[in-house]
Amino acid sequence: LYKESPNLFSETFQKCWLKLYLLNNASVLADFISIISAIEYDWLSDKADVLVLAGCAHSDTYVNEATLRAIEAWEQPSHIEYLSNIRQFESSWLEEYRMEVIRHIEGCDELSSS
């Protein structure tokens, strides 16, 4: 779909994400985020950013974890700011993972700047 119509792909992704978010089924949402994390960030761009913010704000720990894994996979320097400005996670292991993802992206950004 992306190759045929990037705009249609982007809109379809956004509508799907929003519908799944409203289902109130954390398992399905976490699975969707995990699948999406394999898609190139450039295909989603600001739509991925919306996913990042909503996934981190979600009340379910597994959705939060799936979102952090997606952020880690995409390695976008702009996501450091999002991760730095969201609330701390209540779970200590998830909060530590958030900090690890920030350090990982910072390391990737330093490598690309060299």
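Residues numbered from 1 in each chain as written. Predicted model: local features only at pLDDT ≥ 70, side-chain atom pairs only at ≥ 80, totals over all residues. Heavy atoms only, no water.

Undergrad: I keep staring at the confidence of the model for the chain and nothing clicks. Help me out?
TA: When pLDDT is low, close inspection of the predicted coordinates is not appropriate. This prediction gives the chain a mean pLDDT of 94; 98% of its residues lie at or above 70. Per-element confidence in the chain is highest for helix α5 (residues 61–74), whose mean pLDDT is 98, and lowest for helix α7 (residues 92–113), whose mean pLDDT is 91. (pLDDT = per-residue confidence, 0-100. Helix = DSSP H or I, 4+ residues; strand = E, 2+ residues; numbered from the N terminus.)

Undergrad: In this structure, what is going on with the packing of aromatic side chains? I would like to understand it.
TA: Within a pair of aromatic rings, the relevant descriptors are the distance that separates the centres and the angle that separates the planes. According to the stated counting rule, one finds seven aromatic pairs in the structure shown. Centre to centre, the rings of Y2 and F9 are 5.6 Å apart; their planes meet at 85 degrees, and the pair counts as edge-to-face. When its relative accessible area of 24% is taken as the criterion, Y2 is described as partly exposed. Overall, the relative accessible area of 12% leaves F9 in the buried class. Clustering of aromatic rings is evident, with ring pairs tying together F13, W17, Y21 and F32. (Phe/Tyr/Trp six-rings, centres within 6.5 Å; stacked < 30°, edge-to-face > 60°. Buried < 20%, exposed > 50% of the residue type's maximum accessible area, 1.4 Å probe, protein only.)

Undergrad: What exactly am I supposed to notice about the pattern of salt bridges here?
TA: Note that side chains of opposite charge can pair when their charged atoms are close. Per the counting criterion, the structure on display carries four salt bridges. For E95, the salt bridge is made with R98, and the minimal N-O distance between the two is 2.4 Å. Taken together, the residues span about one helical turn, with E95 and R98 both in helix α7 at a distance of three residues. Pair check on accessibility: E95 and R98 agree, each one buried. Residues R103 and E96 are paired through a salt bridge, measuring 3.0 Å at the closest nitrogen-oxygen approach. Since its relative accessible area comes to 44%, R103 is described here as partly exposed. (Salt bridge = Lys/Arg side-chain N within 4 Å of Asp/Glu carboxyl O.)

Undergrad: It is not clear to me how helix α2 (residues 26–36) should be interpreted in this structure. Could you clarify?
TA: Since the α-helix advances by 3.6 residues per turn, residues separated by three or four positions end up pointing in the same direction. For α2, the set of buried residues is A26, L29, A30, F32, I33 and I36. The buried residues of α2 occupy an angular sector of 160 degrees when the element is viewed end-on, so they sit on one face. In this structure, the buried residues of α2 make contact with α1 (6–22), α3 (41–44), α4 (46–57) and α5. (Arc of directions from axis to C-beta. Contact = heavy atoms within 4.5 Å.)

Undergrad: I'm lost on the side chain of E65 in this one. Help?
TA: Mapped onto the fold, E65 is located in helix α5. Judged by its relative accessible area of 15%, E65 is buried. Filtering out sequence-adjacent residues up to four positions away, E65 remains in contact with W93, L94 and Y97.

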